[in-house]
Amino acid sequence: MSESTIEQSAKEAATMGPPIRTPRWLWAWMFAAAVVVMLILARKILGPFIFAAIFAYIFSPIIDNLQERLRWPRGLVVGLFYLLVLGAIGIGLYFGAEALVKETQALARQGPNIVENALVQFMGSEPFVFAGQTFTPADLSERINEGLSTYFENGEAIHFIGEMVIRVLDTILVIMVSLYLLLDGKRLGAYLLKFVPAESRARTGYVAGRIHTVLGIYLRGQLFLIGIMSLVSFLVLQFVFNVPFALPLGIMTGFLEIIPLLGPAIAAGIAGLVALSAHGLGAAIGVVIAFTILRQLEDHLIMPFVVGRAVHLHPVITIFSVLAGGAMAGILGMLLAIPVAAAIKIIIDFLYPDNPQEALAHALPGMKKAEQEAEIRHEGPAPTTPTPAEVT
């Protein structure tokens, strides 16, 4: 290449200016959007991974404390912890699984009869008219039985067995993934931090620390509440009211605690229905009152002690979050709705830390000015548009 050609190329490059580079924030947003799309497309397989992450998140502080006290390798501590947990679950299944399975199957079989008996106890055996049609408790029970028969005759039983196999495989996957997360969870957090610009890591660490605290307290508190409410509900139903199927009803009550507001009401309604069918209206009212008292004790004694005031959400936000989570991801979405909403609130409070009352005080002059203009416009000719200085 001749010198004139090189000089000409250099001049052309100089006139073109510096190369156009895509901003880093744009790459970050594009990467985040790609991740969101990928998660949406793979949402059917996310359940076991989310449950594994929740399990690891709940028990990671316990592993950290044991490792710090015993000074043992983390792998050994995690292995012993899993042996203890799986051993406790195995002992519980050995002594209680048979009774639980039998009572659950009996509850499923007698479901229509329970409804019929409850209707008879509450309304009597006389026919009643609804929407212009006459029904009896026996008619409703027969229709429910026909629906169940059609369900199993259409091959849905095979589908149910297949679902059970999938749940077993999902459980094994949860155990394996949670094991890896407990072993390498801290490394994953450190790896993700490298994508955060150095000048933003302090702020990111602060927000992440706040979210970590809230999620940890909430999830561990929910696990404790599930256990304590399952046990207490079983004892009340079994030994106080002698309600049949107390074991599955108690466990169901505990797990319905993960659905705020709606879950406890559903649990009380189902337990009351079974009590109404078995022992009459007085027992049903007693069960509902007992569940209400347990709920109040939980809200005013257990929840402040276990969860504290880590999650500060308005009741309307709580209801909306739970319903939105259920619409998007079912029971799993309801479980994660409140901690996700709390995390969003932490981020918003960090980005906009002003006091709402202070912000309202700043806005009051403009609001009063607009109100005065509306009154003048209603009574007489419209005034001229004020300048920004006049508004303030």
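Residues numbered from 1 in each chain as written. Predicted model: local features only at pLDDT ≥ 70, side-chain atom pairs only at ≥ 80, totals over all residues. Heavy atoms only, no water.

Trainee: Could you give an account of the pattern of salt bridges, with specific residues and numbers?
Mentor: Side chains that carry opposite charge are capable of pairing whenever their charged atoms lie near each other. Across all of its chains, the model carries 3 salt bridges by this definition. Here Asp 64 and Arg 74 are joined by a salt bridge, their closest N and O atoms 2.8 Å apart. With Asp 64 in helix α3 (residues 46-70) and Arg 74 in helix α4 (residues 74-109), the pair connects residues that are 10 residues apart, well separated along the chain. According to the relative accessible area criterion, Arg 74 is buried, its value standing at 15%. One salt bridge connects Glu 298 with Arg 295, and the closest N-O pair in it is separated by 3.3 Å. Remark: Arg 295 and Glu 298 occur in helix α10 (residues 281-306); sequence separation between them is 3 residues, near one turn of the helix. (Salt bridge = Lys/Arg side-chain N within 4 Å of Asp/Glu carboxyl O. Helix = DSSP H or I, 4+ residues; strand = E, 2+ residues; numbered from the N terminus. Buried < 20%, exposed > 50% of the residue type's maximum accessible area, 1.4 Å probe, protein only.)

Trainee: Tell me what's going on with the packing of α3 against helix α7 (residues 201-240), and back it up with residues and numbers.
Mentor: Two elements in contact, α3 and α7, have axes separated by 9 Å at closest approach and are oriented at 100 degrees. One finds that α3 runs roughly perpendicular with respect to α7. Residues Ile 54, Tyr 57, Ile 58, Phe 59 and Pro 61 of α3 lie in contact with α7, whose contacting residues are Ile 211, His 212, Leu 215, Gly 216, Leu 219, Arg 220 and Leu 223. Residues of the contact of α3 with α7, tallied by class, amount to 9 nonpolar, 2 polar and 1 charged. (Axes fitted to C-alpha atoms, helices over the stretch in contact; angles between N-to-C directions. Parallel < 35°, antiparallel > 145°, perpendicular 65-115°, else oblique. Contact = heavy atoms within 4.5 Å. Nonpolar A, V, L, I, M, F, W, Y, C, P; charged D, E, K, R; others polar.)

Trainee: Before we move on, could you go through the packing of aromatic side chains and cite the residues and values that matter?
Mentor: Within this structure, the stated rule accounts for 6 aromatic pairs. Judged by centre distance (5.6 Å) and plane angle (40 degrees), the ring pair of Tyr 206 and Phe 350 falls under tilted. Highlighted residues: Tyr 206 in helix α7 and Phe 350 in helix α11 (residues 315-351), separated in sequence by 144 residues. For Tyr 206, a relative accessible area of 45% translates into the label partly exposed. Cluster of aromatic residues (ring-pair linked, three or more members): Phe 55, Phe 59, Phe 81 and Tyr 82. (Phe/Tyr/Trp six-rings, centres within 6.5 Å; stacked < 30°, edge-to-face > 60°.)

Trainee: Any details on the environment of Val 196? Residues and values, ideally.
Mentor: Position of Val 196 relative to the elements: it lies in the loop between α6 (137-193) and α7. Residue contacts for Val 196: discarding those within four places in its chain leaves Arg 201 and Thr 204.

Trainee: How would you explain the packing of α4 against helix α8 (residues 246-256) if you had to name every residue and give the values?
Mentor: Orientation of α4 relative to α8, taken along the N-to-C sense of each, is 90 degrees, at an axis distance of 8 Å. Taken together, α4 and α8 sit at an angle that is classed as roughly perpendicular. Across from Gly 96, Ala 99, Leu 100, Glu 103, Thr 104 and Leu 107 in α4, the residues of α8 making contact are Ala 246, Leu 247, Pro 248, Leu 249 and Ile 251.

Trainee: Requested: an account of a nonpolar patch on the surface, with residues and values cited.
Mentor: On the surface, Tyr 206, Val 340, Ile 344, Ile 347, Ile 348, Phe 350, Leu 351 and Tyr 352 cluster together to form a nonpolar patch covering roughly 790 Å² of accessible area. Broken down by element, the residue count for the nonpolar patch peaks at 6 residues, all from α11. For Ile 344, the position within the fold is in helix α11. Accessibility expressed as a relative area gives 46% for Ile 344, which makes it partly exposed. (Patch = residues over 30% accessible without salt bridge, like charges linked within 9 Å, V, L, I, M, F, W, Y side chains within 5 Å. Areas by Shrake-Rupley, 256 points an atom, 1.4 Å probe, with all protein chains shown as cover.)

Trainee: Outline the confidence of the model for the chain, supporting the account with residue identities and numerical values.
Mentor: Scored by pLDDT, the chain comes out at a mean of 76, with 73% of its residues at no less than 70. Element-level pLDDT for the chain is lowest in helix α13 (residues 388-391), with a mean of 48, against a maximum mean of 89 in α8. Scored below 50 in pLDDT, residues 151-158 shows 4 contacts in the model against residues more than four places distant or in partner chains. (pLDDT = per-residue confidence, 0-100.)

Trainee: So what about the side chain of Ser 277? Which residues, and what values?
Mentor: Within the element layout of this structure, Ser 277 appears in helix α9 (residues 262-279). Discounting residues that sit within four places of it in the chain, Ser 277 has contacts with Asn 113, Ile 114, Asn 117, Ala 118 and Gln 121.

Trainee: Could you give me a rundown of unusual backbone geometry, with the residues and numbers involved?
Mentor: Positive phi values are uncommon outside glycine, yet Asn 242 reaches one of about 55 degrees. Here Asn 242 shows up in the loop between α7 and α8.

Trainee: Any chance you could break down the nonpolar core for me, citing the residues and the numbers?
Mentor: Judged by nonpolar contacts, the single largest core of 38 residues is most densely connected at Leu 237, Val 243, Val 287 and Phe 291. Looking at this core, the elements that each hand over two or more residues are α3, α4, α7, α8, α9, α10 and α11. At 6 residues, the largest contribution of residues to this core is made by α11. By size, the runner-up hydrophobic cluster in this structure holds 7 residues, among which are Ile 211, Leu 215, Ala 342 and Ile 346. (Core = buried A, V, L, I, M, F, W, Y, C linked by side-chain atoms within 4.5 Å.)

Trainee: Tell me about the side chain of Gln 222, and name the residues and values.
Mentor: The topology assignment puts Gln 222 in helix α7. When its relative accessible area of 6% is taken as the criterion, Gln 222 is described as buried. Setting aside anything within four residues of it in sequence, one finds Gln 222 in contact with Glu 257 and Ile 258.

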